[in-house]
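Analysis of the macromolecular model
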Amino acid sequence: MKIINALKYGFRLASLNLKLWSLLYLINLLFAGLVVVPLLYYLGGKLAMTKATDRLIGGFDFTLFNDFLNQYPEFLRLLSTQTMVVGILFILLYVFLTGGILTRLKNMETDLHRLGNFWTGCGKYFWRLLRLSFYFMLIHLSVAGLFFAIFSWSVAGGLDYFTSEAAIFFRAKVCFFLYGFFALFFFMVHDYAKVLVITNNRRLIFRDFWGAFRFVIKNIGTTFGVYLLLFGLFVLVSFFYGLLDGFIHQMGIPSLVLFLTGQVFVLAQIGFKLVNFGSMVKVMKNGVNE
Amino acid sequence: MDNAIRIFWFVLFWVNLFSVGSSLSAQDVWFEVPLSERIASYDISVKLDTELHRLTATQTIYWQNTSDDTIRTIPFHLYLNAFKNTGSTFYQESYGSGRFPDLKNTTEADWGWINIDKIKIEDGEDLSGQLRYIHPDDDNDKDQTVVELVLPQPILPRAKTILKLNWTAKIPKIKIRTGYSKDFYLQAQWFPKIGVYEPAGMRFAEVGQWNCHQYHPTTEYYANFGNYKVSINAPANFIVGASGTRTRVDTQSDGTATHHFYGEDIIDFTWTTSPNFEVVKDTHSGVQLELLINSEYSCCTDRYLESAKHAMDYLGARLMPYPFPKLTIVVPPLHGINAGAMEYPTLVTAPGMYGFPDWLRSPEYFVIHEYVHQYFMMMVATNEFEEAWMDEGFTSYWKSRILDDAYGIKNSVIDLRWVRMGAMEFFRSRYVGMDNIHLAESTRAGWEYPNGSPRALFYSKPATWLKTLEGIVGVATMDKIMKTYFDRWKFRHPCRYDFIDAVNEVVAENHGDEFGENMNWFFHFVLYGTGACDYAVGSIQHYENATASAGIWDDSLRVKKENPLKKYQAKVVLQRLEEIQLPVEILVHFEDDTEVLEQWDGKARTHGLTYETDVRIAYVEIDPSQKIYMDLNILNNSKRTVPDTRSIWAYVSSWAMRIQQVFQGVSFFI
């Protein structure tokens, strides 16, 4: 029941925050634009006069792609560099925004209509959340390294030793599944630590870092239950979106429809982020009260 | 009537009785009339030792001198010696390819060799002392892949000879094509095989000569047709597959079994064995299909078999139905994958892997490729050493046609929603994407290409120019060319001149002198030349005609407006940027959607078109149907007069959406 209540609360907070939702969507669109608009100008400059681009009407065209890369070999390097730089900026921006999102969700019931404390929260907690993200990044690298080591150990000798490729694949699947499970756990702890950083407003984040671990483990049923349920819901939505996307593509429906359904999915992704934080705020409140 | 039936059954009974008594029953014989000259036939009895990875064999070679020459020596391929040491030509030419393991880590198990212990002519004396290694290709005296027997008595014109050999071999760990990997064995190029005697006038031979090349990593085939009777003794729990058909299996008391195989009119014999094969049997168009596959790959069973069937139907309709009674498809395990993707008579190998994704048509790609080799090189038996393009190029061309026909021209190799690739597109990309497209002509011997092995020159380039030839002469003429060439040279040994002759003959029949006196000009560029092909639209310009022509035009002394001009004079400049000259079509599209299709012989470096018109040209496109498939760059083949980025926008917007989703997906965890 706690889980359902937390999720309901999360959905309620998300639904009351349409402004925030819109803001996050616009930022997402802007950053995608930062990658794509220069790309469009680049491609337009090189290809606007050739009729070969008509081959794109049916979707990806290997011959066009191949000849384009032969003529402009720098393109992929430019694209990957640009995507990486913009991607890193996007991550930093999201660390920045997280402070605002959580401040707002925490104060929702008293301060519904002002985005002012959102921006204050963004600036106030940025460096603390960035440090927190850095520590959790180290944890994630360690977890990934650990599971990779377990997998390597479990298939030592590779095909010289194993007669069955399926056995190797099975080990890979098990390791990947377990890694995913643990990674999700640490992502969740990271999120609770963020909530604690904003709730406690302490300069030193280590107490919140450990506090999040203690809180999550103490309430493991509720915390992980909510997180897994929400994650499962997200996977389900992604799955249905994938089906719809495939159907639209297969039917040859104009790309505008594909683009618009894609935007709906992006909005859903943002919604899940808000629901996640909202439900955590609720779980945290309940946990502290108890 | 009753008597007639009785006599029939009586005769049938005795025929059967005698047939069972002989080692080869009448029903095992493939062809009533030989399909080839059967110059070199082999009886081999080989025993496999799976502990020591050794072969012990007795072998009889029946060889016929079909020439008017007197033969004084006989060369043999001993290709397992390519894996004997680092001095072999094969090893030297493989340097840097990663085929051989780090020398520090090699053990005896890695290397392989073959040794003729005894060789006799019929029941004469042992002549093994008369054997000497020769190195016809590179004078590498450390190479032992060709051995020559100096005959005590010459073989007279038209005479037959029988050679009896005893030999032993150590099987190498699989580096490429042949060897063993754990308990999987693929035995290719494994027995002493006689070279091909070419009398004067055959292919390039000016005087009678043996053609027997050393083993090179890039090329390996040239052999006479013959019949093969091969008995393979292996542990009884090992499944054995081989070229030809199985005639019987004898179980021995020592825990082994001897498998007897027979094949007619084939140029080689290959076999494989492993205790882990699953045998899947099927038939198609009267041909037995046998798939030897690791049971873990069973998800792909249909993919191997169905692609083979499609290839059989496709080539059966265009060249000739597959004439042999059986096709064996071997899927090596992943640890023996270097034995995969090879063609042998009536047996092909295609790599496999557990959990192979559906969108990557690698099983189909390799089965079809190796199956096409059954026609080009196994039946039309070109010399792969000297003219690799004639088997790999033809095979790549036909393989692409078959794959594209079966799975779609845009997605026959990779079929993901966002990335897809057709087979012919793939070969073109390999050709036009070469580091140096001018590197060498395609007519060199396989080992004579500079700086290693530019496979694109004998796979992708010929496939691409054969597709171009198809574009120029049309599919119907191309099919007729191929059929003519195939019918004329099946079970024989043609060279490039024979294909060119077929092209010239059929094109003249179907098109007269539309493309000139003959098509030699085409081969001058694509086969003998190192040039490339690139046509481009240089410019499109419109000049407004300011006024109609006016003035005093005759002796009437009245001012007249004469022949009012069209509004524009439009000038199109076309360019040939590379050396190859091919006839091309040019589509001129006007803004009122009218179109003109022009022809250009493509010879001059530049070509101009002029139009008097009331509407502007919207775009000009060279080769709108992409008939000139070998054109390097499709981007410059067309030009618009007004920029149009709509399709770019539509396409990039879909990428923008994916980027949005990835960014947002990542942000969930931040």
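Residues numbered from 1 in each chain as written. Chains lettered and ligands numbered in written order. Predicted model: local features only at pLDDT ≥ 70, side-chain atom pairs only at ≥ 80, totals over all residues. Heavy atoms only, no water.

What follows concerns the overall build of chain B. Scanning chain B for helices and strands turns up 11 helices and 33 strands. Along the first, second and third principal axes, the C-alpha set of chain B runs to 115 × 75 × 75 Å. Buried positions account for 57% of the 670 residues belonging to chain B. If you take every contact in chain B between residues at least 6 apart in sequence, the share linking residues at least 24 apart comes to 72%. (Helix = DSSP H or I, 4+ residues; strand = E, 2+ residues; numbered from the N terminus. Buried < 20%, exposed > 50% of the residue type's maximum accessible area, 1.4 Å probe, protein only. Contact = heavy atoms within 4.5 Å.)

Moving on, we get to the overall build of chain A. Broken down by element type, chain A carries 10 helices and 0 strands. The linear arrangement of helices and strands in chain A, starting from the amino end, is α-α-α-α-α-α-α-α-α-α. Projecting the C-alpha coordinates of chain A onto the three principal axes gives extents of approximately 65 × 60 × 35 Å. Here chain A holds 290 residues, and the buried ones make up 48% of them. Excluding contacts between residues fewer than 6 apart, the proportion of contacts in chain A whose partners are at least 24 apart in sequence is 76%. Here chain A has roughly 14500 Å² of accessible surface; of this, 74% comes from carbon and sulfur atoms. Looking at charge distribution, chain A has the averaged site of its 25 positive side-chain charges lying 16 Å from that of its 12 negative ones. (Areas by Shrake-Rupley, 256 points an atom, 1.4 Å probe, with all protein chains shown as cover. Lys, Arg positive; Asp, Glu negative; His and termini not counted. Charge placed at Lys NZ, Arg CZ, Asp CG, Glu CD.)

Under the domain assignment, chain B is made up of domain 1 (37-174 + 198-270), domain 2 (396-526) and domain 3 (535-644). For domain 1 of chain B versus domain 3 of chain B, the distance between C-alpha centres works out to 64 Å. (Domains from an automatic or database assignment.)

In this structure, Trp190 and Phe499 of chain B are the most contacted members of the largest nonpolar core, which totals 269 residues. At 14 residues, helix H2 (residues 18-47) of chain A tops the list of elements feeding residues into this core. Dropping the residues within four chain positions of it, Trp190 of chain B is found in contact with Ile44, Val46, Leu55, Leu80, Ile114, Trp167, Val230, Phe269, Thr270 and Trp271 of chain B. Counting residues in hydrophobic clusters, the runner-up holds 15 residues, among them Ile176, Tyr215, Tyr222 and Trp447 of chain B. (Core = buried A, V, L, I, M, F, W, Y, C linked by side-chain atoms within 4.5 Å.)

Bringing the pattern of salt bridges into the picture now. If you walk through the whole model with that rule in mind, you get 40 salt bridges over all chains. When the shortest N-O distance is used, the salt bridge between Asp208 of chain A and Arg202 of chain A registers 2.6 Å. Linking Glu386 of chain B and Arg203 of chain B is a salt bridge whose minimum nitrogen-to-oxygen distance equals 2.5 Å. With Glu386 of chain B in the loop between helix H4 (362-373) and helix H5 (388-407) and Arg203 of chain B in the loop between strand S11 (196-198) and strand S12 (209-211), the pair connects residues that are 183 residues apart, well separated along the chain. Through salt bridges with shared partners, a single ionic network connects Lys51 and Asp54 of chain A together with Arg640, Asp644 and Arg646 of chain B. (Salt bridge = Lys/Arg side-chain N within 4 Å of Asp/Glu carboxyl O.)

Residue and element names in this part refer to chain A. Taken together, the side chains of Lys106, Lys124, Arg131 and Arg203 define a basic patch exposed on the protein surface. Residue placement: Lys124 occurs in helix H5 (residues 116-154). Under the relative-accessibility criterion, Lys124 is labelled partly exposed at 41%. (Patch = residues over 30% accessible without salt bridge, like charges linked within 9 Å, V, L, I, M, F, W, Y side chains within 5 Å.)

Time to look at the sheet that holds strand S14 (residues 239-242) of chain B. Residue and element names in this part refer to chain B. Read across the open sheet, the 4 strands follow the order S8-S9-S17-S14; overall the sheet is antiparallel. With partners counted over all chains shown, the strands left at the sheet margins are strand S8 (179-181) and S14, one partner each. Neighbour-to-neighbour, the strand axes of the sheet open up by a mean angle of 10°, direction not taken into account. (Pairing = 2+ DSSP bridges. Axes fitted to C-alpha atoms, helices over the stretch in contact; angles between N-to-C directions.)

Residues and elements named next belong to chain B. Tracing the backbone shows Asn140 in the loop between strand S5 (131-133) and strand S6 (146-155). Here Gly87 takes part through its backbone oxygen, which lies 2.8 Å from a polar atom of the side chain of Asn140. With residues near it in sequence (within four places) discarded, Asn140 still touches Gly87, Ser88, Thr89 and His135. (Polar contact = N/O pair within 3.5 Å; in protein donor to acceptor, adjacent residues only side chain to side chain.)

Attention shifts here to the side chain of Glu290 of chain B. All names here are of chain B. Structurally, Glu290 is set in strand S19 (residues 287-294). Residue Glu290 is classed as buried on the basis of its relative accessible area, which comes to 4%. What Glu290 contacts, discounting residues up to four positions off in sequence, is Arg246, Val279, Val280, Lys281, Lys326, Leu327, Thr328 and Ile329.

Before going further, it helps to examine the sheet that holds S5 of chain B. All names here are of chain B. The sheet built from 4 strands is open, its strands ordered S5-S6-S3-S10 with antiparallel pairing. Only two strands of the sheet have a single neighbouring strand rather than two, namely S5 and strand S10 (193-194). Bridge analysis of strand S3 (residues 71-77) against S6 gives 6 bridges, and the strand direction is antiparallel. The residue of S6 that forms the bridge with His77 is Val146.

Residue-level contacts link 78 residues of chain A with 57 residues of chain B. Carbon and sulfur atoms make up 63% of the area that chain A and chain B hide from each other, which totals about 5800 Å². Joining chain A to chain B, the criterion identifies 5 salt bridges. With its nearest N and O atoms 2.8 Å apart, the salt bridge here joins Asp245 of chain A to Arg658 of chain B. Inspection of the region where chain A meets chain B yields 33 residue pairs in polar contact (both at pLDDT 80 or more). Of all the elements in the fold, those that place two or more residues in the side of chain A that touches chain B are H2, helix H3 (62-71), helix H4 (74-106), helix H6 (158-161), helix H7 (165-200), helix H9 (220-251) and helix H10 (255-289) of chain A. With 13 residues, the single largest contributor to the side of chain A that touches chain B is H10 of chain A. (Buried area = accessible area lost by both parts, 1.4 Å probe.)

On to the packing of helix H8 (residues 475-489) of chain B against helix H9 (residues 496-511) of chain B. Residue and element names in this part refer to chain B. Across the interface, H8 lies against H9 with an axial gap of 9 Å and an inter-helix angle of 135°. Taken together, the axes of H8 and H9 are oblique relative to one another. Between H8 and H9 the crossing geometry is right-handed. Residues Thr477, Lys480, Ile481, Met482, Thr484, Tyr485, Arg488 and Trp489 of H8 form the contact with H9, whose own contacting residues are Asp498, Phe499, Ala502, Val503, Glu505, Val506, Val507, Glu509, Asn510 and His511. For the contact of H8 with H9, the class distribution of residues is 9 nonpolar, 4 polar and 5 charged. (Parallel < 35°, antiparallel > 145°, perpendicular 65-115°, else oblique. Left-handed = near helix turned anticlockwise from the far one by under 90°. Nonpolar A, V, L, I, M, F, W, Y, C, P; charged D, E, K, R; others polar.)

The next point concerns the packing of aromatic side chains. Residues and elements named next belong to chain B. Summed over all chains, the structure comprises 84 aromatic pairs over all chains. Between the aromatic rings of Tyr314 and Trp398, the centroid separation amounts to 6.3 Å while the plane-to-plane angle is 70°, which identifies the pairing as edge-to-face. Here Trp398 lies in helix H5 and Tyr314 lies in helix H3 (residues 301-318), a separation of 84 residues in the sequence. We note that Tyr314, like Trp398, is buried. Residues Tyr397 and Trp398 carry aromatic rings whose centres are separated by 5.6 Å and whose planes lie at 75° to one another, so their mutual orientation is edge-to-face. Taking relative accessible area as the criterion, Tyr397 reaches 0% and is therefore assigned buried. Residue placement shows Lys175 over the ring face of Trp111; its charged tip is 5.7 Å from the ring centre. In this structure, Arg496 is placed above the aromatic ring of Tyr497, and the distance from its NZ or CZ to the ring centre is 5.7 Å. (Phe/Tyr/Trp six-rings, centres within 6.5 Å; stacked < 30°, edge-to-face > 60°. Lys NZ or Arg CZ within 6 Å of the ring centre and 35° of its normal.)

Our next topic: the layout of surface pockets. The space that makes up the second largest pocket amounts to roughly 500 Å³. Lining the second largest pocket we find 22 residues, and of these Phe65, Phe75 and Leu79 of chain A together with Tyr651 and Trp655 of chain B sit closest to its centre. Contributing elements (two or more residues each) for the lining of the second largest pocket: H2, H3 and H4 of chain A together with helix H11 (646-667) of chain B. Examining the composition of the lining of the second largest pocket, we find that 7 residues originate from one element, H11 of chain B, more than from any other. (1 Å grid on protein atoms, 1.4 Å probe; cavity = no way out; pocket = protein on both sides within 12 Å on 5 of 7 lines; lining within 4 Å. Points joined across faces, edges and corners; volume = space filled by probe spheres on them.)

This paragraph deals with a nonpolar patch on the surface. A surface patch of nonpolar side chains, amounting to about 640 Å² of accessible area, comprises Phe170, Val174, Phe177, Leu178, Phe181, Phe182 and Leu228 of chain A. Examined against the element boundaries, Val174 of chain A turns out to sit in helix H7.

A word on a negative patch on the surface. All names here are of chain B. Together, Glu93, Asp138, Asp139 and Asp141 make up a region of like negative charge exposed at the surface. Secondary-structure assignment places Asp139 in the loop between S5 and S6. In this structure Asp139 comes out as exposed when scored by relative accessible area, which is 67%.

Next up on the list: the pairing of strand S18 (residues 277-284) of chain B. Residue and element names in this part refer to chain B. Here S18 runs beside S19; their pairing, made up of 8 bridges, is antiparallel. The partner of Val280 across the bridge, within S19, is Leu291. Turn length for the S18-S19 hairpin, with the two strands adjacent in sequence and antiparallel, is 2 residues, and the turn residue Ser285 shows positive phi of about 50°.

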